[in-house]
Number of protein chains: 4
Amino acid sequence: MAKVKVGIINVTGYAGVELARLLHGHPQVKLVSVTGRSAAGQKLAKVFPHLVDLDLNIEADLGDVDLAFCAMPHKASAEAILPLAERGVKVVDISADFRLKDAAKYPQWYDFQHPGPHLLSKAVYGLPEIYRDEIAKANLVANPGCYPTGALLALAPIVKAGLASPDIIVDSKSGVSGAGRTLTLSTHFAEAVDNVRAYSLEGHRHLPEIVQELEGLKPGFKPMVTFLPHVVPMARGILSSCYVQPDGGKLAGGKAKLQSLYCDFYKGEPFVRVVDSPPETKHTWGSNFCLVYPTVEPRTGKVIVISCIDNMVKGAAGQAIQNMNIMLGFPETAGLEALPVYP
Amino acid sequence: MAKVKVGIINVTGYAGVELARLLHGHPQVKLVSVTGRSAAGQKLAKVFPHLVDLDLNIEADLGDVDLAFCAMPHKASAEAILPLAERGVKVVDISADFRLKDAAKYPQWYDFQHPGPHLLSKAVYGLPEIYRDEIAKANLVANPGCYPTGALLALAPIVKAGLASPDIIVDSKSGVSGAGRTLTLSTHFAEAVDNVRAYSLEGHRHLPEIVQELEGLKPGFKPMVTFLPHVVPMARGILSSCYVQPDGGKLAGGKAKLQSLYCDFYKGEPFVRVVDSPPETKHTWGSNFCLVYPTVEPRTGKVIVISCIDNMVKGAAGQAIQNMNIMLGFPETAGLEALPVYP
Amino acid sequence: MAKVKVGIINVTGYAGVELARLLHGHPQVKLVSVTGRSAAGQKLAKVFPHLVDLDLNIEADLGDVDLAFCAMPHKASAEAILPLAERGVKVVDISADFRLKDAAKYPQWYDFQHPGPHLLSKAVYGLPEIYRDEIAKANLVANPGCYPTGALLALAPIVKAGLASPDIIVDSKSGVSGAGRTLTLSTHFAEAVDNVRAYSLEGHRHLPEIVQELEGLKPGFKPMVTFLPHVVPMARGILSSCYVQPDGGKLAGGKAKLQSLYCDFYKGEPFVRVVDSPPETKHTWGSNFCLVYPTVEPRTGKVIVISCIDNMVKGAAGQAIQNMNIMLGFPETAGLEALPVYP
Amino acid sequence: MAKVKVGIINVTGYAGVELARLLHGHPQVKLVSVTGRSAAGQKLAKVFPHLVDLDLNIEADLGDVDLAFCAMPHKASAEAILPLAERGVKVVDISADFRLKDAAKYPQWYDFQHPGPHLLSKAVYGLPEIYRDEIAKANLVANPGCYPTGALLALAPIVKAGLASPDIIVDSKSGVSGAGRTLTLSTHFAEAVDNVRAYSLEGHRHLPEIVQELEGLKPGFKPMVTFLPHVVPMARGILSSCYVQPDGGKLAGGKAKLQSLYCDFYKGEPFVRVVDSPPETKHTWGSNFCLVYPTVEPRTGKVIVISCIDNMVKGAAGQAIQNMNIMLGFPETAGLEALPVYP
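Residues numbered from 1 in each chain as written. Chains lettered and ligands numbered in written order. Predicted model: local features only at pLDDT ≥ 70, side-chain atom pairs only at ≥ 80, totals over all residues. Heavy atoms only, no water.

## Side note on the overall build of chain A
Right, so step 1: Per the secondary structure count, chain A includes 10 helices and 14 strands.
Right, so step 2: For chain A, whose C-alpha radius of gyration is 20 Å, the value lies close to the compact-globule estimate of 20 Å for 343 residues.
Right, so step 3: When its C-alpha atoms are laid out on the principal axes, chain A stretches across 60 × 45 × 40 Å.
Right, so step 4: The 343 residues of chain A split such that 64% are buried.
Right, so step 5: Nonlocal contacts in chain A, meaning residues at least 24 apart in sequence, comprise 70% of its contacts between residues at least 6 apart. (Helix = DSSP H or I, 4+ residues; strand = E, 2+ residues; numbered from the N terminus. Rg over C-alpha atoms; globule rule 2.2 N^0.38 Å. Buried < 20%, exposed > 50% of the residue type's maximum accessible area, 1.4 Å probe, protein only. Contact = heavy atoms within 4.5 Å.)

## Focus: the confidence of the model for chain A
Right, so step 1: When pLDDT is averaged along chain A, the result is 97; 100% of the residues meet or exceed 70.
Right, so step 2: Both confidence scores are given for the complex: pTM 0.98, ipTM 0.97. (pLDDT = per-residue confidence, 0-100.)

## Points about the environment of D:His74
Residues and elements named next belong to chain D.
Right, so step 1: Looking at the secondary structure, you find His-74 in the loop between strand S4 (67-70) and helix H3 (76-86).
Right, so step 2: By relative accessible area, which is 28% here, His-74 ends up partly exposed.
Right, so step 3: Note: C-alpha distance between His-74 and Asp-111 (37 residues apart in sequence) is 9.8 Å.
Right, so step 4: Filtering out sequence-adjacent residues up to four positions away, His-74 remains in contact with Ser-95, Asp-97, Tyr-110, Phe-112 and Arg-205.
Right, so step 5: Here the side chain of His-74 touches Arg-205 through a polar contact of 3.2 Å, side chain to side chain. (Polar contact = N/O pair within 3.5 Å; in protein donor to acceptor, adjacent residues only side chain to side chain.)

## Quick notes on the interface of chain B and chain A
Right, so step 1: The interface is formed by 47 residues belonging to chain B together with 47 residues belonging to chain A.
Right, so step 2: Taken over both partners, the interface formed by chain B and chain A buries close to 4100 Å², and the fraction arising from carbon and sulfur atoms is 59%.
Right, so step 3: Area buried by chain B at its contact with chain A is led by B:Asp194, B:Val196 and B:Leu201, which between them contribute 14% of it.
Right, so step 4: Our count for the contact surface shared by chain B and chain A stands at 6 salt bridges.
Right, so step 5: Inspection of the chain B/chain A interface yields 30 residue pairs in polar contact (both at pLDDT 80 or more). (Buried area = accessible area lost by both parts, 1.4 Å probe. Salt bridge = Lys/Arg side-chain N within 4 Å of Asp/Glu carboxyl O.)

## Brief notes about H3(D)
All names here are of chain D.
Right, so step 1: Taken together, the buried positions of H3 are Ser-77, Ala-78, Ile-81, Leu-82 and Leu-84.
Right, so step 2: Summarising the contacts, the buried residues of H3 are in contact with strand S1 (4-9), S4, strand S5 (90-93) and strand S7 (140-142).
Right, so step 3: Of the residues one or two after H3, Gly-88 is the one with positive phi, at around 80 degrees.

## Concerning the packing of aromatic side chains
Right, so step 1: All chains considered together, the criterion is met by 34 aromatic pairs over all chains.
Right, so step 2: Seen in terms of ring centroids, D:Tyr147 and D:Phe227 are 5.2 Å apart; in terms of plane orientation they differ by 65 degrees. Their pairing is edge-to-face. Residue D:Tyr147 is located in helix H6 (residues 146-160), and its partner D:Phe227 is located in strand S10 (residues 224-231); the two are separated by 80 residues in the primary sequence.
Right, so step 3: Every member of this aromatic cluster is reached through a ring pair, and the members are A:Tyr14, A:Phe48 and C:Tyr342. (Phe/Tyr/Trp six-rings, centres within 6.5 Å; stacked < 30°, edge-to-face > 60°.)

## Here we look at the packing of helix H6 (residues 146-160) of chain A against helix H8 (residues 207-217) of chain A
Residues and elements named next belong to chain A.
Right, so step 1: Where H6 meets H8, the closest approach of the two axes is 10 Å, and the angle between their N-to-C directions is 25 degrees. Viewed along their axes, H6 and H8 adopt a mutual orientation that is roughly parallel. Crossing geometry of H6 relative to H8 is assigned as right-handed. Side by side, H6 and H8 meet where Pro-148, Ala-151, Leu-152, Leu-155, Ala-156, Val-159 and Lys-160 of the first sit next to Glu-209, Ile-210, Glu-213, Leu-214 and Leu-217 of the second.
Right, so step 2: For the contact of H6 with H8, the residue count by class is 9 nonpolar, no polar and 3 charged. (Axes fitted to C-alpha atoms, helices over the stretch in contact; angles between N-to-C directions. Parallel < 35°, antiparallel > 145°, perpendicular 65-115°, else oblique. Left-handed = near helix turned anticlockwise from the far one by under 90°. Nonpolar A, V, L, I, M, F, W, Y, C, P; charged D, E, K, R; others polar.)

## As for the state of the cysteines
Residues and elements named next belong to chain B.
Right, so step 1: For the coordinates displayed, the defined rule picks out 0 disulfides over all chains.
Right, so step 2: Take Cys-70: it sits in no disulfide, and the sulfur closest to it among the cysteines is that of Cys-146, at 17 Å.
Right, so step 3: Looking at the unpaired Cys-146, the closest cysteine sulfur is the one in Cys-290, lying at 13 Å. (Disulfide = S-S within 2.5 Å.)

## Re the relation of the copies chain A and chain C
Right, so step 1: In screw terms, the move from chain A to chain C is a rotation of 180 degrees and a rise of 0.0 Å along the axis, fitting with an RMSD of 0.0 Å. Such values leave the two copies arranged in the relation of a two-fold axis.
Right, so step 2: Of the interface residues in chain A, 100% have counterparts in chain C that sit at the interface too, so the contact is made through matching surfaces. (Least-squares fit on C-alpha atoms with pLDDT ≥ 70 in both.)

## Observations regarding the interface of chain A and chain C
Right, so step 1: Counting residues at the interface gives 28 residues for chain A and 28 residues for chain C.
Right, so step 2: Around 2600 Å² of area is buried between chain A and chain C when both sides are counted, 61% of it from carbon and sulfur atoms.
Right, so step 3: The interface formed by chain A and chain C includes 4 salt bridges.
Right, so step 4: In this structure, the connection of chain A to chain C is made through 10 residue pairs in polar contact (both at pLDDT 80 or more).
Right, so step 5: A total of 5 residues in the side of chain A that touches chain C trace back to one element, the largest contributor, which is helix H1 (residues 14-24) of chain A.
Right, so step 6: Taken together, the residues that form the side of chain A that touches chain C break down as 15 nonpolar, 4 polar and 9 charged.

## Looking at unusual backbone geometry
Right, so step 1: The linkage connecting B:Tyr342 with the following residue, B:Pro343, adopts the cis geometry, with an omega of 0 degrees.
Right, so step 2: Topologically, B:Pro343 is positioned in the segment after helix H10 (313-328).
Right, so step 3: Here the phi dihedral of D:Val52 falls at roughly 45 degrees; this positive angle occurs in a residue that is not glycine.
Right, so step 4: Along the polypeptide, D:Val52 turns up in the loop between helix H2 (44-47) and strand S3 (58-59).
Right, so step 5: Its identity as a non-glycine residue notwithstanding, D:Asp194 has a phi of 55 degrees, on the positive side.
Right, so step 6: Tracing the sequence through the fold places D:Asp194 in the loop between helix H7 (189-192) and strand S9 (197-198).

Quick look at the structure:
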């Protein structure tokens, strides 16, 4: 059977190159075209030696493909996707450009006027655990941000069940690759090693995405989310510690009921595992798994839900391929079966 | 002027050996005796090569000293201190054995009956920023835990000012040295590197200490503290992200008022700095400084206070020396002037 | 087609658990039995959460298998393998117990009398790039050590070509996982992080293996190998810097000739890549690739060959599976196609 | 007694800022002026928060000082120093601009014509263990490179004793701070973590410095040095493994004689310790110590000498202060007494 032809726009960032790594092992698609601005004209495996025998040149423009992954920065991504959408090419967008439904949020959070607001309602938010059916029918999927993926998978069951009060805190700890491949002083090795820091205390761009999706889970729910991201000295991984005040101050049934609620919610999910002891980011390294641990603080009654993902896989490239699999009718786990690399 | 003679009980743990490092450079005291169980009989600088020319043998029993630091594990520490207290030797205890005022908490949180409950009321909690005067008169100082030091310095101003509601969350990220020098699988390098994990979700032993001290700051205040510690892959440092619901739901004056409150509270403090941008643990590495950053989430109104310390210094050995300086009438910064090592 | 049944003796060490990870994705074999001493009776995926859905119990004794991987420590490995060899079960031994041809070396280097010296001549040294044909016919393959794999792949071409003088230095830098999962002070996180150290300066156990195999490459060649291993603060990877005095003091043809010699030697090899710029261990992380970079110091004429491997994969579990593939007539790359995980 | 006024030209690199940290604690000098290009006009402690209360502005031009440290890049450093030397200001130059005696080496190794070749013979190479007396009389001291410091302290005793053949290999492993504060892809955190790589295989700029100084130790000695630097994932530290073929092929007296030679050579040195077990970079972290371990490989007779330093201290700022102390007649250890920070 002929493989489906796919391409990556802007392969030279970490999300793009991770897509190349994972697509190389996918049984039903063939990566036929990759683009990049600075590195155009070079061999992909020369710029990224870990890709070894992946025999492609980095091009200036995308070739003929059935589905494109767009890993451009925001704004540039929307601009690159508009003509593809015109032509009916299926697209999974790694950027934030089609995640927010309200076009007015783009100037507010991303400093640009959205060039294709008519597509915002057609784009599907690519969190398969919530929108699987819509993704299957979509031509344009907005791949969730890394933090929102971890936060939403931690919070969705309790919010949807109506057991959460609006007072929600998401305290996330991310590996440094989340900041991308662009050089900055704060991602300079000697600065980032042996160090933990919080950032974006005035409001991180992933906040409106988290709020929008929590609102969507429960009509009328108006969450007040305090989201604080931190950077910790490792390459990959996000652990999110989510604190939820139970609606009414106390969770009926306690921890056992909560665990059971989560197990039911994620029953049959290929990539989410509700675990019975606190998870570690290392247990997801290089894989598309999300580990979720819900519990109740025994003295205060506060609900704590911890989630772990690999920000490059379930938080970016892996989830994009999961979305592609759903869009193309492939088994959802195709190309994503590899277990985490440990230790 | 003759130097004061000091000793360290159980020098072979990380807190003990850090005391030795710092005391070696202290202008007014002389480290004359160190004890250790497993390594007794060996040269200190043979077991710990970084101590280079520090010429002491590790002994089984403490020699004659004017002041002793006790760095034993809990229970053993109280047992070692009781006879010293009898003899009137001044003691700074690094363990938790004299931190809790209520003897009933020891069986509950530490699994032992306290052998000297009569001393609990005489011991002073060694957080100089709160108890400086009491420390100056004390014979027995209970050096605070590493997490409580960071949490309390972050929370004290707002709690004492009566601006905090009881709903408080402390989300802490600690370097691995906090787990001590005893070998465990979770502190094995290949397990701890490239990894973040939460632990003690059922209740960490530092929780009752945090609660006791917050209650002490404001008569009648009954905080509901959810405390969640995490381990991140670095040797030293604790960053605590504290979330406080303002009393009445909203903080009058906002961030500017909050910063001003904190600046006033810590005015003149030699080791606490209220900073105007989010601090990083690296900026405290090897030093006794605590950096505190108070702010308000602009959408939810939640107060966020971030503190950074070196868990080995302000979180253990450095604060113990600061306490000693106060007890002995030395300049509070003696032996602690070194700036953080960066990068 | 029915899958071949394989098992792992002592799955609970890092080599064993890495075998489980890789075998889980192998298209032609089924992992049906795993043993472990301390953890016997537990679910494999409970002890190692990254194995997620790998549904096996850790047993005390190996079940019925067509081929067994033995990941026991030395001596115990030979004892476990002897009865299997009797019964005609094919075995890949990860330990050193069948690597050395001379039984007298075992008491000298490993402190035990070999319990099955008659098998030493039947066992094949499992470096496919040298012994592929012999491996194909073998029932017992001695999987090379991690350091010897990197050193021999770096040195084989120049030694076999007769261009090396006996004066050879191998300076290796290994990630900490090479020291295994057993707890030691030197692999305690706070000790190993931010640190580089050399060890085994009196002679590392992998030295006789390196010497034996270099001698085997060129009849009459008597190398004088100085081998110095170092530990660097990362979980995985070995970079070996090999220094070879060219025979006669100067290499005819210089670097270009040397590169050409290496390219010819490794032509068609599925897992060895001769690269044209200095390789990095990160470019092999999680994969079975070995990157080799041969060059000549332009002033001294000294030949420098650098090799990089993932010590857990090409240096242990991956190479064991490569050997299994050859022994069972499978495609040599089966189950080993995954690209390195970067960054 | 009035303190001596000192300044730092280009404080904003890692060597410059480390000088500021160490000088802040020096009892006999006062840091009165610091310059920087990009950050001119800002508060030093704002750009480098770890400097806390160090109250200086970063200026465009150096103020009036008795002694200047110059931490400019090469070429710029010579240009900045020429006018100072004219005016008789004492200078310690951290750059390479006055290390090489032969002006012809600058175009060859550093790509520039030396602007003040007449000063090359007047400048003293600032390795106190070799040139203490000359440094005491010098107005211009060329502070050694980080790699040469480690290599020369490892090799000086055996070379000076005439026991080394010319065949010398220096295999060095450096922390990432050695590459400076300028942003590059190879020092981007996600690229440098979990990674080891060699670089400068065609010849590192520190090579001519090592060769020049080895030649100076023994008239007529013509070393053939193969020097290969590596980067390992930690912020600080250099471990150099030096391999020396003994003159005549064998070292009379073996390891014991060698250790005794080294102990005699470094007798009374305040910062060099000959140790009796392999040293670790962690045992020098933040301090001016150099640990040296000489031994003999028991089978090949090759001499191995391992040295460890903190590249930022003994390899740069600390040694510069040691030189200043000698130039100004202060105790050589003034301001440098702090023990290494461990763990």
